[in-house]
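# Breakdown of the fold
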Amino acid sequence: RCPTRARPPRRPGSGEQTSTHARRGVAAAHRRGRVPPGPRGLPTMPPKAKFEIKPFRQAVAVDDDYVRRTWTVLRDAIGQIFAHNASNLSFEELYRNGYNMVLHKHGDRLYDGLSGAVTSQLQTVAAAVESAPDAAFLEVLIKRWDDHKLSMIMIRDILMYMDRTYVTVNKKTPVYELGLNAFRDVVIRSAHVRDRLVRIVLGVVERERRGELVDRPRLRQVTAMLAELGKDVYAREFERPFLEATSDFYRRESAEVIANNPASAYLEYAERRLEEEGTRAAHYMDPATEPKLRAVAERELVAHHMAAIVEMEHSGLVPMLDHGRYGDLARMYALFKRVTEPHGLSIVRDVLAHHAREQGKALVRAAAGGAAGAGGQAEGK
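Residues numbered from 1 in each chain as written. Predicted model: local features only at pLDDT ≥ 70, side-chain atom pairs only at ≥ 80, totals over all residues. Heavy atoms only, no water.

### Some thoughts on the nonpolar core
Just so we agree on the cut-off: What makes a nonpolar core is a set of buried Ala, Val, Leu, Ile, Met, Phe, Trp, Tyr and Cys residues whose side-chain atoms join them at distances within 4.5 Å. Relative accessibility thresholds used throughout: buried, under 20% of the residue-type maximum; exposed, over 50%; partly exposed, between the two (1.4 Å probe, protein chains only). For this analysis, residues touch if any pair of their heavy atoms sits within 4.5 Å.
Ranked by size, the top nonpolar core spans 63 residues in total, and within it L114, L141, I155, M162, F183, M225 and L226 carry the most contacts. Setting aside anything within four residues of it in sequence, one finds M162 in contact with V102, G107, L110, Y111, L114, V167 and V175. One finds Y250, L274, L301 and V339 within the second-largest nonpolar core, a separate group that totals 27 residues.

What follows is the structure in structure tokens.
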């Protein structure tokens, strides 16, 4: 038999050498306390450092002429965007121009220049809206609003670097929001636009209340625009005047209806009007307006007339009870239950209690009269 020969020792390959060196480096780092021990006390590889890309900083001075030329290019591009001629613009080149201005510490000039350019463009928009006839006023306003939002989206994309660096560091208003605020101040709050806007919108709502078909989607666009400009803008330019007009409208109308109709007819009228206002709020108002509108309508249609409805001589609560008009009683209960100040059902309770007492007294008197008559007849016999 051939004797077994001993195998020569295996020479470690390059992969094993690398692995051995890595383990030795980790162990050394572990001994220095820089690497926490892993499972079973074995040293672990050091965690990877977070890699962050930072803008390239180069101390290159630019002259004022370069800054002026760069801003001129951006300003002209903003004008082209507002004029709907953006198809011929190089957005990559414009982005680079905005980037360079911010990079070379001219963010103030770029931001202030943008604000001035947007304001200048919106002055033309305000003039166009002011000159529109009443019949086309809302249509023109919404068209200009939609165009403005689209333009500001394009401008925001061009100046994205400024938005993410200069605006954030200096706590400035972001580019898109800056454009919305400018539209609010220059267009909506223009003296010749604000008054017409409120008057025309409230006029459309009143025509609908009188039975005329109106463009509800257009009204929804208007209220959505005001809400997007800010809750304070929506409340000041629409909600408050609208609620005041609603109160005046139903104060006049309800007084006329209750003076010329029995209680049952008025209850049907109030129920129908409340349903209409709920539908109106759902179609073209901000959700926050619905409870306020409901409270105003309930106050003018129900709360102010509860006593008169209940005490109507030939059609109020007592005649309804006497004639078994349970449908009218159910409608009265449902409407009065809506009112909390003063509590509507307390009036019904008081009238019912008084009616029950009077009926009881009448029964007692009738019984007493019958007993007295029976006693007299007995004595006569």
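### Some thoughts on the side chain of T223
Defined as follows: Only DSSP runs of H or I reaching four residues or more are called helices, and only runs of E reaching two or more are called strands; each is numbered from the N terminus.
Mapped onto the elements, T223 comes out in helix α10 (residues 216–229). Among the residues examined, T223 registers a relative accessible area of 3% and is labelled buried. Ignoring any residue separated from it by four or fewer positions in sequence, one finds T223 in contact with Y234, F238, Y284 and M285.

### Remarks on the layout of surface pockets
Going by this rule: Within this scheme a cavity is a closed region of a 1 Å grid, computed over the protein atoms alone, that accommodates a 1.4 Å probe without allowing it to escape, whereas a pocket is open but has protein on both sides within 12 Å along at least five of seven lines; lining residues each have an atom within 4 Å of a point. Grid points are joined across faces, edges and corners, and a volume is the space filled by probe spheres set on the points. Nonpolar residues are Ala, Val, Leu, Ile, Met, Phe, Trp, Tyr, Cys and Pro. Charged residues are Asp, Glu, Lys and Arg, and all others, Gly as well, are polar.
Approximately 260 Å³ is the volume found for the second largest pocket. Lining the second largest pocket are 16 residues, with A135, L138, I200, V204 and R207 sitting closest to its centre. Those elements that provide at least two residues to the lining of the second largest pocket are α5 (134–158), α9 (191–209) and α10. In terms of residues, the lining of the second largest pocket owes the most to one element, α5, which gives six residues. Classifying every residue of the lining of the second largest pocket gives nine nonpolar, one polar and six charged.

### Thoughts on the packing of α10 against helix α11 (residues 231–259)
As a reminder of what qualifies: With axes taken as lines fitted to C-alpha atoms, and helix axes fitted only over the stretch in contact, angles between N-to-C directions fall between 0 and 180 degrees. For this classification, under 35 degrees means roughly parallel, over 145 means roughly antiparallel, 65 to 115 means roughly perpendicular, and everything else is oblique.
Viewed as axis vectors pointing N to C, α10 and α11 meet at an angle of 135°, and their least axial separation amounts to 5 Å. On the basis of the axis angle, α10 is oblique to α11. Residues T223, L226, A227 and L229 of α10 pack against K231, V233, Y234, E237 and F238 of α11. Looking at the contact of α10 with α11, its residues break down into six nonpolar, one polar and two charged.

### Comments concerning the side chain of K149
Under the convention used in this document: Whenever two N or O atoms come within 3.5 Å, that pair is a polar contact, provided that in protein one can donate a hydrogen and the other can accept it, and provided that, for residues adjacent in sequence, both atoms are side-chain atoms.
Mapped onto the fold, K149 is located in helix α5. Here the side chain of K149 touches E228 through a polar contact of 3.4 Å, side chain to side chain. With residues near it in sequence (within four places) discarded, K149 still touches Y176, L180 and E228.

### What to know about empty space enclosed by the protein
With the rule as written, the count across this model stands at one cavity of 30 Å³ or more. Taken together, W71, L74, A77, I78, L110, I155, I158 and L159 form the lining of the largest cavity. Every element with two or more residues in the lining of the largest cavity is listed here: α2 (64–82) and α5. It is α2 that contributes the most residues to the lining of the largest cavity, four residues altogether. Of the residues that constitute the lining of the largest cavity, the class distribution is eight nonpolar, no polar and no charged.

### Description of α10
Two residues of an α-helix separated by three or four positions point the same way, owing to the 3.6 residues in each turn. Our working definition: For a helix, the expected span equals 1.5 Å multiplied by the number of residues minus one. Taking the helix axis as origin, the arc is that swept by the directions to the C-beta atoms.
Relative to the 20 Å expected for 14 residues at 1.5 Å per residue, α10 spans 20 Å between its end C-alpha atoms, a close match to the ideal helical length. Of the residues making up α10, those classed as buried are L219, V222, T223, M225, L226 and L229. Around the axis of α10, the buried residues are gathered within 150° of arc, so they sit on the same side. In the core, the buried residues of α10 are packed alongside α5, α8 (175–188), α9, α11 and α12 (263–284). Two residues or fewer after α10 comes G230, characterised by a positive phi angle close to 140°.

### Some words on the pattern of salt bridges
Using the following cut-off: Salt bridge, as used here, is a side-chain nitrogen of Lys or Arg placed within 4 Å of a carboxyl oxygen of Asp or Glu.
All told, the structure shown has 33 salt bridges when counted by the stated rule. Here R331 makes a salt bridge to E271, at a shortest N to O gap of 3.0 Å. Within this pair, whereas R331 is found in helix α16 (residues 326–338), its partner E271 is found in helix α12, the two being separated by 60 residues in sequence. The closest approach of N and O atoms between E290 and R294, which form a salt bridge, is 2.7 Å. Of this pair, E290 and R294 both sit in helix α13 (residues 289–301), four residues apart, which is roughly one turn of the helix.

### Regarding the packing of helix α4 (residues 107–130) against α9
Under the convention used in this document: Each crossing gets its handedness from the near helix: less than a right angle anticlockwise from the far helix is left-handed, clockwise is right-handed.
Contact pair α4 / α9: the axes reach a minimum separation of 9 Å and the direction vectors enclose 45°. It follows that α4 is oblique to α9 by the angle criterion. The chirality of how α4 crosses α9 is left-handed. Of the residues in α9, those in contact with A126, V129 and E130 of α4 are H192, V193 and R196. Across the contact of α4 with α9, the residue classes tally to three nonpolar, one polar and two charged.

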